[in-house]
Every structure is written in C-alpha cells, then in structure tokens.
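Understanding the architecture of this molecule
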Amino acid sequence: MDTFINPVIYKYEHAEINGVMRTGLYFQDVHGRDWYETLTGWKGAVSLDDDGIVIAYEKDVSYMGMAEGRNVYEVDPLNVPDDVSGNFQYADGVFYDIRPDAATLAEQTQKQLIEDAGLTISILQGAVDESMATDAEKASLSAWKRYRVLLYRVDTSKPEDIVWPEPPSKS
C-alpha cells in the first residue's frame, strides 16, 4: 500500500467556473509526487491526525480532503472497520480500536449522572438553607439525594448487568 506523507501545497490555480472564481490547490508529498496523479490507483484512503487517529476515510479517494502536513495512507476498503473515523488508530497497515470499553462508558455515565444530580441537589439545598423551600422542594431534595446514593452504588465493572436508577421528576 502507498502513502502520501507530509503533503504541501506547491501550486495554486485560479479559474472562473459559471461566473464564480475557484481556487485549485495542488499538493505534493515528501517525494515530490502530485496528489492527483498519485491517487488514481488507490482503492481507499485514510487521513490521520498527529496521534495516528483516523480522521477521514474515503472509498472514492478523489473525495479525500487534503491539508498540509496531514499524512494520507492507501487502504483496502475491505479491511477498513465500520465507524473508523475517530474510533481507530492506524499504524503499519493495521487499525487499532481505541473506543472505550463498556465498563469505561458505564463509569463515564455514572460520573455524569452524579454530577447532574449534584447540581439539582445544590439548588434545592440552597432553597432549604435559606428557608425558601416549599414542601415539594424539600421532598424533591430528599428524593434527589437518594437517587445520587443509588448512582454511587451502581457497579460499573459489570456494565451488562447495570439497571440505572430512575431520576426523580424535576417538577
């Protein structure tokens, strides 16, 4: 498989098309090869960010957006995973899945739900502390505190068994 490393613009071309001025950019790689001449035999291509994460994938390589310094690699579309952009790193012809596992996603969900509950609790607690809370707000505060405790008790190491507690109503 071929590579197009460290592309730079080497030529600008201005043309009027249907009354609109268009600018064409021509890229060459470290070997002086032109991008438009190089891509003709490619079946697919990925572009990577500085961390090697796939940020673009095209089966029709003519649609691949180019940017100076952004490396492009020829790939066989049959070997490209689904949802490759942002979810995989690419190195030495191999795609590496970098998506978080289910337990990590469960931990992230738990943390976010606890933060959200904490915000609601702090607002309700402020009303209680300032003797401004209605009876409904006092009851809601207790329900939200209970909900937050239940969230803390969720075992995120077994994501397939998680049954998230239902949040209290905000009314």
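Check the entry above for the structure.
In short, a report on the structure. (Residues numbered from 1 in each chain as written. Predicted model: local features only at pLDDT ≥ 70, side-chain atom pairs only at ≥ 80, totals over all residues. Heavy atoms only, no water.)

Details of the packing of aromatic side chains
Here a ring pair, both rings aromatic, is described through the centre-centre distance and the interplanar angle of the planes. Going through the model one piece at a time under the given rule, you end up with seven aromatic pairs. What links up through ring pairs into an aromatic cluster is the set Phe4, Trp35 and Trp42. Sitting over the ring of Tyr26, Lys11 keeps its end group 4.8 Å from the ring centre. (Phe/Tyr/Trp six-rings, centres within 6.5 Å; stacked < 30°, edge-to-face > 60°. Lys NZ or Arg CZ within 6 Å of the ring centre and 35° of its normal.)

Re the pairing of strand S8 (residues 94-97)
Bridge count for strand S7 (residues 88-91) against S8 is four bridges, and the pairing is antiparallel. Counted as the bridge partner of Tyr90 is Phe95 from S8. Between the end of S7 and the start of S8, which pair antiparallel, lie two residues, with Asp92 showing a positive phi angle near 50 degrees. (Pairing = 2+ DSSP bridges. Helix = DSSP H or I, 4+ residues; strand = E, 2+ residues; numbered from the N terminus.)

Thoughts on helix H3 (residues 135-152)
Along its 18 residues, H3 runs 26 Å from first to last C-alpha, staying within 8% of the 26 Å computed at 1.5 Å per residue. Here H3 has its buried residues at Ser140, Leu141, Trp144, Tyr147 and Leu151. Along H3, the residues classed as buried sweep out an arc of 130 degrees about the axis, all on the same side. In H3, the exposed residues that point more than 90 degrees away from the buried face are Asp135 and Arg146. Among the structural elements, helix H2 (102-129) are those in contact with the buried residues of H3. (Expected span 1.5 Å × (residues − 1). Buried < 20%, exposed > 50% of the residue type's maximum accessible area, 1.4 Å probe, protein only. Arc of directions from axis to C-beta. Contact = heavy atoms within 4.5 Å.)

Thoughts on the packing of H2 against H3
Contact pair H2 / H3: the axes reach a minimum separation of 9 Å and the direction vectors enclose 155 degrees. Accordingly, the angle class assigned to the pair H2 and H3 is roughly antiparallel. Note on packing geometry: the crossing formed by H2 with H3 is left-handed. For the pair H2 and H3, contact is made by Gln110, Leu113, Ile114, Ala117, Gly118, Thr120, Ile121, Leu124, Gln125, Ala127 and Val128 and by Glu137, Lys138, Ser140, Leu141, Trp144, Lys145, Tyr147, Arg148, Leu151 and Tyr152, respectively. Its residues assigned to classes, the contact of H2 with H3 shows 12 nonpolar, five polar and four charged. (Axes fitted to C-alpha atoms, helices over the stretch in contact; angles between N-to-C directions. Parallel < 35°, antiparallel > 145°, perpendicular 65-115°, else oblique. Left-handed = near helix turned anticlockwise from the far one by under 90°. Nonpolar A, V, L, I, M, F, W, Y, C, P; charged D, E, K, R; others polar.)

Considerations on the nonpolar core
With 11 residues, the main nonpolar core is built from Val46, Leu48, Val54, Tyr57, Tyr73, Val75, Val80, Val84, Phe88, Tyr90 and Phe95. Among the secondary structure elements, those contributing two or more residues to this core are strand S4 (45-48), strand S5 (54-58) and S7. With residues near it in sequence (within four places) discarded, Tyr73 still touches Asp2, Thr3, Ile5, Trp42, Gly44, Ala45, Val46, Leu48 and Tyr90. In terms of nonpolar packing, the next biggest core, distinct from the first, is built from 10 residues, Leu39, Trp42, Met64 and Met66 among them. (Core = buried A, V, L, I, M, F, W, Y, C linked by side-chain atoms within 4.5 Å.)

As for the sheet that holds strand S6 (residues 72-74)
The strand order S1-S6-S4-S5 describes an open sheet built from four strands, whose pairing is antiparallel. Edge positions in the open sheet fall to strand S1 (3-4) and S5, since each of these has one partner strand only. Relative to S6, S4 runs antiparallel, the two being bridged by three bridges. Its bridge partner being in S6, Val46 is matched across the sheet by Tyr73.

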